[in-house]
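# Structure at a glance
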Amino acid sequence: MNKTDLIEHIAQQADISKAAATRALEAMIGGVKTTLKKGGSVSIVGFGTFAVTKRAARTGRNPRTGAAIKIKAAKVPKFRPGKGLKDALI
């Protein structure tokens, strides 16, 4: 499922227009991005938690030459599924 499919699904399930579903999805994604940029986390009960974690600097290898390269430390988004989502997949 891609973003367009998800918008169509939201529009059908909520009985709203695709334009309204698009605005709702964009608002949700924007809210998650803004919160993560500030270092916070977003918990949706029954679905999961979006959070930011720090990845330490490390040494990697250039696959073409085999030379060692330094990879900088980074903040990366993580998603941890909630119990409701896990149970839905069983």
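Described below are features of the structure shown in this document. Once a new chain begins, its residue numbering starts again from 1 and follows that chain's sequence as written. Totals for whole chains, interfaces and linings use all residues, but because this is a predicted model, local features are given only for residues with pLDDT of at least 70 and pairs of side-chain atoms are given and counted only at 80 or more. Side-chain calculation: all heavy atoms of the structure are included, whereas hydrogens and water are not.

Once that is clear, we can look at the overall build of the protein. When its secondary structure is counted, the protein shows three helices and five strands. Along the first, second and third principal axes, the C-alpha set of the protein runs to 55 × 35 × 30 Å. Residue exposure (1.4 Å probe, protein chains only): buried if accessible area is under 20% of the type maximum, exposed if over 50%, otherwise partly exposed. Residues counted as buried form 14% of the 90 residues belonging to the protein. Restricting to contacts in the protein with at least 6 residues of sequence separation, those with at least 24 account for 27%. Carbon and sulfur atoms make up 58% of the accessible area of the protein, which amounts to about 7300 Å² in all. Positive charges come from Lys and Arg, negative ones from Asp and Glu, while His and the chain ends are left out of the count. By convention, charge coordinates are those of NZ in Lys, CZ in Arg, CG in Asp, or CD in Glu. If the 18 positive side-chain charges of the protein are averaged to one point and the 5 negative ones to another, these points end up 22 Å apart. Labels follow the DSSP assignment, with helices taken as runs of H or I lasting at least four residues and strands as runs of E lasting at least two, numbered in each case from the N terminus. Any two residues having at least one pair of non-hydrogen atoms within 4.5 Å are treated as being in contact. All accessibility values rest on the Shrake-Rupley procedure with a 1.4 Å probe; residue burial counts only the protein chains present in the view.

Glancing now at the packing of helix α1 (residues 3-14) against helix α2 (residues 18-37). Packed helices, taken two at a time, are described by the angle their axes make and the gap between the axes. What counts as an axis is a line fitted to C-alpha atoms, over the stretch in contact for a helix, and the angles between N-to-C directions run from 0 to 180 degrees. In the contact formed by α1 and α2, the axes pass within 8 Å of each other and the chain directions differ by 115°. In the crossing of α1 with α2, the sense of the turn from one axis to the other is right-handed. Across from Lys-3, Leu-6, Ile-7, Glu-8, Ile-10 and Ala-11 in α1, the residues of α2 making contact are Lys-18, Ala-21, Thr-22, Leu-25, Glu-26 and Ile-29. Partitioned by chemical class, the residues of the contact of α1 with α2 number seven nonpolar, one polar and four charged. Less than a right angle of anticlockwise turn of the near helix away from the far helix marks a crossing as left-handed, whereas a clockwise turn marks it as right-handed. Classification convention: Asp, Glu, Lys, Arg as charged; Ala, Val, Leu, Ile, Met, Phe, Trp, Tyr, Cys, Pro as nonpolar; all other residues, Gly among them, as polar.

With that settled, consider the side chain of Thr-49. Tracing the chain through its elements places Thr-49 in strand β2 (residues 48-55). By relative accessible area, Thr-49 is classed as buried at 17%. Reaching out from Thr-49, the side chain makes a polar contact with the side chain of Ser-43 at a distance of 3.3 Å. Dropping the residues within four chain positions of it, Thr-49 is found in contact with Ser-41, Val-42, Ser-43, Lys-78, Phe-79 and Arg-80. Any pair of nitrogen or oxygen atoms within 3.5 Å is treated as a polar contact; in protein, a donor-acceptor pairing is required on top of that, and neighbouring residues in sequence qualify only through side-chain atoms on both sides.

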